[in-house]
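# Descriptive analysis of the structure
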Amino acid sequence: MGEGPFRILQFGMEATDILSLLRRELYVAVVKFGYNTEQDELTAVNVKQGFNNQPAFTGDEHGSARNIVINPSKIGAYFSSILAEKLKLNTFQDTGKKKPQELPLAKSGVPQVPILSKKEDVFAYLAKYSVPMVRATWLIKMTCAYYSAISEAKIKKRQAPDPNLEWTQISTRYLREQLVKISDFYHMASSTGDGPVPVPPEVEQAMKQWEYNEKLAFHMFQEGMLEKHEYLTWILDVLEKIRPVDDNLLKLLLPLMLQYSDEFVQSAYLSRRLAYFCARRLSLLLSDSPNLLAAHSPHMIIGANNTSIGTPSPGTPGPGMSPMQLAFSDFLSCAQHGPLVYGLSCMLQVRARIYEVEQQIKQRGRAVEVRWSFDKCQESTA
């Protein structure tokens, strides 16, 4: 059966059913459209012409709008309001101020990793609290992972920088800053004279930072977190920039140089540069040995009750000793220059040993070529 006023009457319906159906449809029409509608008004026009439904708008419903005057300013205002509303709906409201100092590892109950605003600050932070090396390297790895995630989110098309090279540059830059403070103090102390010079607090802090971060850099070097060639080149650059009068600064850097002796000898270029530096500094010491030894000859070791327990003195020179041997003997007994001579000579001995091994390898190679040469094989088969 259909719906609405066009409901189909089924064949065989009773008259009472038909009347009740008509009443129901009439009731629906009255409730829906009302009694007094416009088409029900029996005016002269409606009687003669019928009801004419006039639309609310004027003009051609399906025509063009070329004859309509368009106001550009009004359209621009509407379009700007649409863009503003779109931006408002697509913008997430910031519920709180971000805290870049902390990186949450998990939910409540787990401690958070401190993330500093600058990568360079992590070295001062670690040295301040004397964090063990294993934990310090772990914190640096977490900091690296944090900033890598941020850079990947911001820079998607460009290639991310090498973290090993980046942290090598950060570490060497921080170590250089501490070394500059220490070097300035040494220069100031040497210019004031032979009297004792009190160490300022900032220099003590720089020394503490240098000692800690130099050990941390070595641990990072062993863990593969630093770019080896870049870091070793930086050590060489620092050594080569030391002036001949800065013996105290050289004594500070000699342990750093000897610590990486096994790494230096793996590169022919770096080991030659280091050997040349050591030979040149020893040559400068020998050329100025009379003045240096005269300035640092009296060295007294004072024990308990202000008694002298000994003074290092060179042994009696033999009749066949050369002037160079005599100078080296005097240097080794000097508390000021003895460590320098020992450290520089140690690196030269390592380089000499490497050169000797290289020559042995070349000799064995030549022997193999002679033993198994093509000419020899032809002569043996002839």
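Look up a bit, the structure's there.
Residues numbered from 1 in each chain as written. Predicted model: local features only at pLDDT ≥ 70, side-chain atom pairs only at ≥ 80, totals over all residues. Heavy atoms only, no water.

Let's shift gears to the packing of helix H4 (residues 121-128) against helix H7 (residues 201-222). The N-to-C vectors of H4 and H7 enclose an angle of 110°; their axes lie 9 Å apart at closest approach. With respect to H7, the axis of H4 lies roughly perpendicular. Across the interface between the two elements, Phe123, Ala124, Leu126, Ala127 and Lys128 of H4 pack against Lys208, Gln209, Tyr212, Asn213, Leu216 and Met220 of H7. Counted by class, the contact of H4 with H7 contains seven nonpolar, two polar and two charged residues. (Axes fitted to C-alpha atoms, helices over the stretch in contact; angles between N-to-C directions. Helix = DSSP H or I, 4+ residues; strand = E, 2+ residues; numbered from the N terminus. Parallel < 35°, antiparallel > 145°, perpendicular 65-115°, else oblique. Contact = heavy atoms within 4.5 Å. Nonpolar A, V, L, I, M, F, W, Y, C, P; charged D, E, K, R; others polar.)

In this section: helix H14 (residues 338-371). Between its first and last C-alpha atoms H14 spans 49 Å; for 34 residues at 1.5 Å apiece the expected length is 50 Å, and the two agree. What H14 keeps buried is the set Gly338, Leu340, Val341, Gly343, Leu344, Ser345, Met347, Arg351 and Ile354. (Expected span 1.5 Å × (residues − 1). Buried < 20%, exposed > 50% of the residue type's maximum accessible area, 1.4 Å probe, protein only.)

Per the counting criterion, the structure on display carries six salt bridges. A salt bridge links Arg173 to Glu120; the nearest nitrogen and oxygen atoms lie 3.0 Å apart. With Arg173 in helix H6 (residues 163-192) and Glu120 in the loop between strand S2 (113-114) and H4, the pair connects residues that are 53 residues apart, well separated along the chain. A salt bridge links Arg273 to Asp237, with the shortest nitrogen-to-oxygen separation between them at 3.0 Å. With Arg273 in helix H11 (residues 268-287) and Asp237 in helix H8 (residues 228-240), the pair connects residues that are 36 residues apart, well separated along the chain. Its relative accessible area of 29% is what places Asp237 among the partly exposed residues. (Salt bridge = Lys/Arg side-chain N within 4 Å of Asp/Glu carboxyl O.)

A complete count under the given rule lists 10 aromatic pairs for this structure. Plain terms: the ring middles of Tyr146 and Tyr147 are 5.3 Å apart, the flat faces sit at 80° to each other, and that makes the pair edge-to-face. Residues Tyr146 and Tyr147 agree in their burial class; the two are buried. Centre to centre, the rings of Phe218 and Tyr260 are 5.4 Å apart; their planes meet at 70°, and the pair counts as edge-to-face. Taken together, the residues span a long stretch of sequence, with Phe218 in helix H7 and Tyr260 in the loop between helix H9 (247-259) and helix H10 (261-264) at a distance of 42 residues. Residue Phe218 is classed as partly exposed on the basis of its relative accessible area of 23%. When its relative accessible area of 1% is taken as the criterion, Tyr260 is described as buried. Three or more aromatic residues link up through ring pairs in this structure, and these residues are Phe218, Phe221, Tyr231, Trp234 and Tyr260. (Phe/Tyr/Trp six-rings, centres within 6.5 Å; stacked < 30°, edge-to-face > 60°.)

Two elements in contact, H6 and H7, have axes separated by 9 Å at closest approach and are oriented at 145°. When you trace H6 past H7, the crossing you get is left-handed. Taken together, the residues of H7 that come into contact with H6 (itself represented by Ser171, Tyr174, Leu175, Gln178, Leu179, Lys181, Ile182 and Phe185) are Val203, Ala206, Met207, Gln209, Trp210, Asn213, Glu214 and Ala217. Classifying every residue of the contact of H6 with H7 gives 10 nonpolar, four polar and two charged. (Left-handed = near helix turned anticlockwise from the far one by under 90°.)

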